[in-house]
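The chain contents come next:
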Amino acid sequence: MTQARRRTVLKGLWGASALLPMAMASAPGRAMAQADQPASPAQAAPAAPQGPAPKQWTDPKTGRRILRISDQEGSGVLYFYRQAYTPEGDVMVLKSPAGIAAVRLNDWSTTLLVKGKENELLFMLRNTREAVYAVTDAGDGEAAERPKTIYAIHVDTKKVRKLARIPSGGISGANADDTLLLGSVTYGAKPLQPRDAASIEKFGKAEYAALGPDGKPLNFAKAKGVRMLERWASRVPAELFTLDIRTGQRTVLYTTEEWIGHAQFSPTDPKLIRFCMEGPWHRVDRIKLIQADGTSLRSVHTRTMNMEIWGHEFFSQDGKWLWYDLQTPRGQVFWVAGLELATGKRVWKRVEQNDWGVHFNIAPDNKTFASDGGDFDMVAHAPDGKWISLLQAETIVDAELDSYNDKLVTIEQFRSTRLVDMSAHDYRLEPNLRFTPDGKWLVFASNMHGANHVYAVEAHAPAAKAGI
């Protein structure tokens, strides 16, 4: 799309999507905003739960044991692909209202590592037992526009060391040998939505609110689409960069006026980076790969039909595959698509509508996947999609394996096993599920009991009930 066309799109949006008062983002406002698209009867939420969240229980619909890991209401997890475990796989870090907490996976006990909500948990390093976090300088304007200091704290000794200082932007990862930090910065971008303390506290981000062409409030998913389109259409300078932890040298790898997001190093190749072009997925060439010296920029996927979308990309844990949510077209046919990085081989695993998730993730066996589900307003419009599910690939019916050509896409299909009933969960909070290092549990965030908490569900224990 040309810059002139983007400006035309942006002007049209300004006229049609004036911000609603943030009071509309309250619970009554949420119901009003969704009045133009009622939820499916199958998705009707149960009555609000009473009392504190249970410490553990067995899901009556799936037979799976679920534990509440977090001690404090308002706790949360890292974004689904960010490293959350020590190299030994015995400790996980999470966010809490008190600060940054460490969880011992052998007994799920928690301890406070860093006191204070101002400490932003970023990720774990891959070769040391250190959690990386950022502290943003006080001041006016958005946090992304202010200087911040990056620290690492040892989960056992609590010894803190300073890693870097940046004038603006953010750090999203470290490479496989912990020598480089990866970050991005945008100059002059407006936030997707004015900051609203209540919605950030509840969902980890500001609420989305917008009006449709008829002047009526849009539901959450549609309002988010409007805001994403506005942000994408307003071109501003952006950079992808690395910081050498030893020397402090800052190297710009890529400059653009597109919207950079989801920058991450490979978990095993210290020179390989993937990032994305953010915006409405049907308008962008989303996933990119680049080397840490700024060379070999390439796209991961090529669109072949209108409204084909792909995104929410993540590496397999051995770093050999890059996986992503693919829809051909949007909201109709769902896949978890994979690219084998060394060979170029592609595998697409078919996902049923009710098994689609906001995010997918992969187990340490690099074969088993999981989905965290989604509500009826989301892209799959699934009538019964509010589940955390285990996904295991099977060969398609009538496949003739000895005739397969690796230059063509290999098609498989997922068989799902439901683990957690998420019918009481508000998907404005993303569950951001991940497997534990031993593959036995799935950790996720949920507000199913009212307050935000972190939970773990048995991933491979036999279910007490069949037919789920």
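(A) Quick peek at the overall build of the protein. When its secondary structure is counted, the protein shows four helices and 28 strands. Per-residue burial over the protein gives 54% buried out of 468 residues. A separation of at least 24 residues holds for 52% of the contacts in the protein among residues at least 6 apart in sequence. For the protein, the accessible surface area stands at approximately 20,400 Å², while carbon and sulfur atoms represent 52% of it.

(B) Seen up close, the environment of Ile 100. Topologically, Ile 100 is positioned in strand 4 (residues 99-104). Judged by its relative accessible area of 1%, Ile 100 is buried. Once the C-alpha coordinates of Ile 100 and Ala 131 are considered, the two residues, 31 residues apart in sequence, prove to be 9.0 Å apart. Those residues in contact with Ile 100 that lie beyond four places of it in its chain are Leu 94, Thr 111, Leu 112, Leu 113, Val 114, Asn 119, Leu 121 and Tyr 133.

(C) Broad picture of the pairing of strand 8 (residues 148-154). Buried residues dominate strand 8, accounting for five of its seven residues. Across seven bridges, the pairing between strand 7 (residues 130-136) and strand 8 is antiparallel. Within the sheet, the bridge partner assigned to Glu 130 lies in strand 8 and is His 154. In terms of strand pairing, strand 8 meets strand 9 (residues 160-166) through six bridges, oriented antiparallel. Paired with Ala 152 across the two strands is Arg 161, which belongs to strand 9.

Thresholds, definitions, all that
Residues numbered from 1 in each chain as written. Predicted model: local features only at pLDDT ≥ 70, side-chain atom pairs only at ≥ 80, totals over all residues. Heavy atoms only, no water. Helix = DSSP H or I, 4+ residues; strand = E, 2+ residues; numbered from the N terminus. Buried < 20%, exposed > 50% of the residue type's maximum accessible area, 1.4 Å probe, protein only. Contact = heavy atoms within 4.5 Å. Areas by Shrake-Rupley, 256 points an atom, 1.4 Å probe, with all protein chains shown as cover. Pairing = 2+ DSSP bridges.

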